[in-house]
Amino acid sequence: MSLPHLADPAGRYRTMRLIRSFEELALEWVRSGLVVGGTHPYSGQEAVAVGVCAALDPADQLTSTHRGHGHVLAKGADPGRLLAELLGRVGGLNGGRGGSMHAADFSLGILGANGIVGAGAPIAVGAAWAAQRRGEPTVVASFFGDGALNQGVLLESLNLASIWRAPVVFVCENNGYATTLPAASAVGGSACGRAAAFGIPAETVDGMDVEAVRAAAGRAVERARSGGGPSFLECLTYRFEAHHTMERRFRLSYRAAEEVASWRERDPLATDLPEAAAIDLEVAELLAAAAGFALASAEPDPATATDHLYASGLRPRSGAAL
Ligand SMILES: Cc1ncc(C[n+]2csc(CCOP(=O)(O)OP(=O)(O)O)c2C)c(N)n1
Ligand SMILES: [Mg+2]
C-alpha cells in the first residue's frame, strides 16, 4: 500500500505545497531570529521528495541529507513537530536536540536527515541489508546531492548494495551545485556512470516533474522489493533559494540570474489541478496550526542538557568530565 497522502495527484500537489510553504515559513523564522543557525531550503526540489515517496509503502524507510525538510515531510512527518525541532523545543521530532539537519522519525521509517555529505548512503544500505536478513519486504530510499557523488563512502555504499543485492533506491538530487561549486566542473564522468560501474541499473529523470519521478521510482522500488537489488536515479533539479540561509550575508554570484529564472519557470508546483487553490488554503491553515503548536511548545529544561548523550545502559565513566 502506497503512502495514503501521496496516493493521487491532488495529494502529491498538497504535499509539494506543504513543503514549499514550510520552507517559506522557516526562512521567515530564520530571518526574524526565531530559528537559530539557519537552514538549507528545499524549495524547487519538491517533486523529487514527493515523487520518490509516492512510490514507497508506509513501512519503507529513507535516509536524508542536510537539505532534508522535504524528504521528512513527504514521508509523512508532522509539520508542527518539525517546526518545533527547528526551534529546539521539547515538542520537536527529536525533542529539539537534532535541529534541521538531524530530523528523524523512526516510527515513519525516517532514519534521519544528516549533516555529513554522503553519510546517509551507508545507513540506507545497512538498514536494507538488515531488512533483507529479517525477511522483511522493506525498501530504503537514500537521498543525496551531486556533491555526494565525490564522497568515497557513497561509492563504497554502491558496491556493498550491489554485491548484497540490497533493496535500496539511491536518489541523486542533481541540483547543479555543491554549495557554490558547479557539478559540471566537479563530477568526472556521470552520476549514472558511477552506478553502472557497480552493476546497478541507473536512469536520469526530470526532477521537476513529480509524475516522471514517481514512475521512475516505482520501477526502482519494484525491482528492489522483488529481489532485483538496488537502483540509482539521477533527478535533474534546482534549488530556488540559497545553499544555506546564511548565504545572503555574503554577496555570492555563482549562479546567473537568468539561470535561476529559467528554472523557476519550470516550478514543480505549477499545476492545472482545478482544486489547487482550495488545497493552498487548506495547507495555509494546516501550517498556521503547526506554527502555533511549535511556538507553544516548551523550551527544554537546561538540567536535561546531557540526556541522550550515551546509549541507554551506558554511563559516563566515573570522574570523566562531561
Ligand atoms: C563530508 C562533508 N564535507 C563537506 C561538508 C560541507 N557541506 C555541507 S553541504 C555541502 C554541499 C553539498 O552539495 P550537494 O551534495 O550537491 O547537496 P546540495 O547542497 O546541493 O543539496 C558541503 C560541501 C559536509 N557537511 N560534509
Ligand atoms: Mg547539489
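All values reported here derive from a predicted model rather than from experimental measurement. (Residues numbered from 1 in each chain as written. Chains lettered and ligands numbered in written order. Predicted model: local features only at pLDDT ≥ 70, side-chain atom pairs only at ≥ 80, totals over all residues. Heavy atoms only, no water.)

### Some thoughts on the packing of aromatic side chains
- Within the structure shown, the criterion is met by four aromatic pairs.
- Both rings, one in Phe144 and one in Phe232, keep their centres 6.0 Å apart while their planes meet at 55°; by these two values the pair is tilted. A residue pair is termed long-range when its members are at least 10 positions apart, and Phe144 in strand E2 (residues 140–145) and Phe232 in strand E7 (residues 231–236) qualify at 88 residues. Across the pair, Phe232 and Phe144 agree in class, each one buried.
- Judged by centre distance (5.5 Å) and plane angle (70°), the rings of Tyr177 and Tyr254 are edge-to-face. (Phe/Tyr/Trp six-rings, centres within 6.5 Å; stacked < 30°, edge-to-face > 60°. Helix = DSSP H or I, 4+ residues; strand = E, 2+ residues; numbered from the N terminus. Buried < 20%, exposed > 50% of the residue type's maximum accessible area, 1.4 Å probe, protein only.)

### Here's the deal with helix H6 (residues 152–164)
- With 13 residues, H6 extends 18 Å from end C-alpha to end C-alpha; this agrees with the ideal 18 Å at 1.5 Å per step.
- Among the residues of H6, those classed as buried are Leu154, Ser157, Leu158 and Ala161. Seen along its axis, H6 keeps its buried residues to an arc of 100°; they face one direction. What points out from H6, more than 90 degrees from its buried face, is the exposed set Glu156 and Ile163.
- If you follow the buried residues of H6, they end up packed against helix H5 (120–134), E2, strand E3 (168–174), helix H7 (191–197) and E7.
- Directly beyond the C-terminal end of H6, a positive phi value near 50° is found at Arg165. (Expected span 1.5 Å × (residues − 1). Arc of directions from axis to C-beta. Contact = heavy atoms within 4.5 Å.)

### Examining the site of ligand 1
- In the vicinity of ligand 1 there are 15 residues, among which His66, Arg67, Gly115, Gly147 and Asn175 approach most closely.
- Within the contact set of ligand 1, an oxygen atom lies 2.8 Å away from a backbone nitrogen or oxygen of Gly147. (Near = heavy atom within 4 Å. Polar contact = N/O pair within 3.5 Å; in protein donor to acceptor, adjacent residues only side chain to side chain.)

### Focus on the UniProt feature "domain: Dehydrogenase E1 component" (unreviewed entry) in the protein
- Under the feature "domain: Dehydrogenase E1 component" (unreviewed entry), the UniProt entry names residues 13–270.
- Taken end to end, residues 13–270 is 39% helix and 12% strand, and its first and last C-alpha atoms sit 9 Å apart. (UniProt positions renumbered as here; feature names shortened; annotations may be inferred.)

### Considerations on the side chain of His40
- Locating His40 in the fold gives a position in the loop between helix H1 (9–31) and helix H2 (46–53).
- Classification of His40 as buried rests on a relative accessible area of 9%.
- The contact partners of His40, leaving out residues within four places of it in the chain, are Glu23, His66, Arg67, Met101, His243 and His244.

### Points about the coordination of the magnesium ion (ligand 2)
- Protein coordination of the magnesium ion (ligand 2) is provided by Asp146 (OD), Asn175 (OD1) and Tyr177 (O), with donor distances spanning 2.1 to 2.2 Å.
- Mapped onto the sequence, the donors of the magnesium ion (ligand 2) take the spacing D-x28-N-x1-Y. Of the two residues, Asn175 and Tyr177, neither departs from the other in class, the shared state being buried. (Donors = N, O, S within 2.8 Å, 3.2 Å for Na, K, Ca; no water.)

### Overview of unusual backbone geometry
- One non-glycine residue, Arg165, lies in positive phi territory at about 50°.
- Among the secondary structure elements, Arg165 is positioned in the loop between H6 and E3.
- When its relative accessible area of 47% is taken as the criterion, Arg165 is described as partly exposed.

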